[in-house]
Amino acid sequence: VLLSIIILVRLGSWQLLRADEKTQILADVELRKTSKPMSLNELDKKTDKNYYHLKLLGEFDNSHYLLLDNRFFKGRVGFEVIQPFVIDNRVVLVNRGWIPLPRERNNLPAIPIQQGEMELIGEVSIPVEKFILKADQLSADKHWPQLIQSIDINALTLVYAELGMVIEPWVLRQEEGDDPFYQRLWIFVNMTPERHISYAVTWFGMALALLIIYIVAFTSREEINIGTD
């Protein structure tokens, strides 16, 4: 019982720590999003580049984009489009947003072609390594677009290097806005601080309930022993 109570209390404490972390992340996101968009050179001076608001001037590579598989938007399955954006001799992978899965999955969807120099605004996102069952079989010689299950920056760096592109080690999530082709509703934390607090209350409640049950059971046992003696 004592061991179980310790475990439950530690689980509750861990959830509270996670809530604090998520609160800090959301505060950083809000602060960096509301600040003036910076240039790529200004971002280079930052040690922690995550969530910064960035403004770029360049043009899209319409030939070598990726489709991030199994992405959901309002309950519908589809892809997120990852497209290279070329700024002089530097290349940024831009998450354009979500598009729906076509009726025939084997036919990968085409995206609208955008020619010429344009201004792009978005938030920097550093991909988090995830457990995957099988690594993506990527190659610059394959037919484009290529389907990927996760954003593996190391693997993508090698693929785009074969095309003569040096990509940045992060992705730019294009700013939300009215766009008939792409849907953008970015999630910065997969679980809100309130949800973590709710879980913490649950763990602490279970620890308290277990303690009460133990005290009641122990007290009842003592009364029975005294009676039989």
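(A) Summary view of the nonpolar core. Leu43, Leu54, Leu56, Trp170 and Leu172 are the most contacted members of the largest nonpolar core, which has 15 residues in total. Secondary structure elements with two or more residues in this core: α2 (40-44), β1 (53-60), β3 (76-87), β4 (90-100), β5 (118-125) and β7 (167-174). It is β1 that provides the largest number of residues to this core, a total of three residues. Among all residues touching Leu172, those that are not within four sequence positions of it are Leu54, Leu56, Val92, Leu93, Val94, Asn95, Leu120, Gly122, Glu123 and Val124. Core analysis: the next-biggest nonpolar cluster, separate from the first, contains 14 residues, Ile82, Ala140, Tyr160 and Ile167 among them.

(B) Structural detail: the environment of Asp152. Structurally, Asp152 is set in the loop between β6 (146-148) and α3 (153-161). With relative accessibility at 37%, the residue Asp152 sits in the partly exposed group. Asp152 sits 24 residues away from Val128 along the chain, and the two C-alpha atoms are 8.6 Å apart.

(C) Representation of the packing of aromatic side chains in the model. For the structure on display, the rule yields four aromatic pairs. We note Arg96 situated over the ring of Phe60; from NZ or CZ to the ring centre the distance is 4.1 Å.

(D) Structural view of a nonpolar patch on the surface. A surface patch of nonpolar side chains, about 730 Å² in accessible area, is lined by Val1, Leu208, Leu211, Ile212, Tyr214, Ile215, Val216 and Phe218. In this structure, Val1 sits in the segment before α1 (2-34). According to the relative accessible area criterion, Val1 is partly exposed, its value standing at 47%.

(E) Representation of the side chain of Arg184 in the model. Counting through the fold element by element, Arg184 comes out in the loop between β7 and α4 (193-228). The class of Arg184 is buried, set by a relative accessible area of 10%. A polar atom in the side chain of Arg184 sits 2.4 Å from the backbone oxygen of Arg96. In this structure, Arg184 is in contact with Arg96, Gly97, Gln174, Glu175, Glu176, Gly177 and Asp179, ignoring residues within four places of it in sequence.

(F) Representation of α3 within the structure. Of the positions making up α3, those classed as buried are Ile153, Leu156, Val159 and Tyr160. Looking straight down α3, one finds that the buried residues subtend no more than 120° of arc, so they occupy a single side. Of the exposed residues in α3, those oriented more than 90 degrees away from the buried face are Asn154 and Leu158.

(G) Structural view of the confidence of the model for the chain. Counting all residues, the mean pLDDT for the chain is 85, and 90% of those residues have values of 70 or more. Mean pLDDT across the elements of the chain ranges from a minimum in α4, with 82, to a maximum in β4, with 94.

(H) Up close: the side chain of Lys49. Tracing the backbone shows Lys49 in the loop between α2 and β1. Here Lys49 sits buried without a salt bridge, and the closest side chain of opposite charge, Asp44, lies 5.5 Å off (N-O distance). Within the structure, Lys49 has its side chain in polar contact with the backbone oxygen of Lys46 (distance 2.8 Å).

Conventions and cut-offs
Residues numbered from 1 in each chain as written. Predicted model: local features only at pLDDT ≥ 70, side-chain atom pairs only at ≥ 80, totals over all residues. Heavy atoms only, no water. Core = buried A, V, L, I, M, F, W, Y, C linked by side-chain atoms within 4.5 Å. Buried < 20%, exposed > 50% of the residue type's maximum accessible area, 1.4 Å probe, protein only. Helix = DSSP H or I, 4+ residues; strand = E, 2+ residues; numbered from the N terminus. Contact = heavy atoms within 4.5 Å. Phe/Tyr/Trp six-rings, centres within 6.5 Å; stacked < 30°, edge-to-face > 60°. Lys NZ or Arg CZ within 6 Å of the ring centre and 35° of its normal. Patch = residues over 30% accessible without salt bridge, like charges linked within 9 Å, V, L, I, M, F, W, Y side chains within 5 Å. Areas by Shrake-Rupley, 256 points an atom, 1.4 Å probe, with all protein chains shown as cover. Salt bridge = Lys/Arg side-chain N within 4 Å of Asp/Glu carboxyl O. Polar contact = N/O pair within 3.5 Å; in protein donor to acceptor, adjacent residues only side chain to side chain. Arc of directions from axis to C-beta. pLDDT = per-residue confidence, 0-100. Lys, Arg positive; Asp, Glu negative; His and termini not counted.

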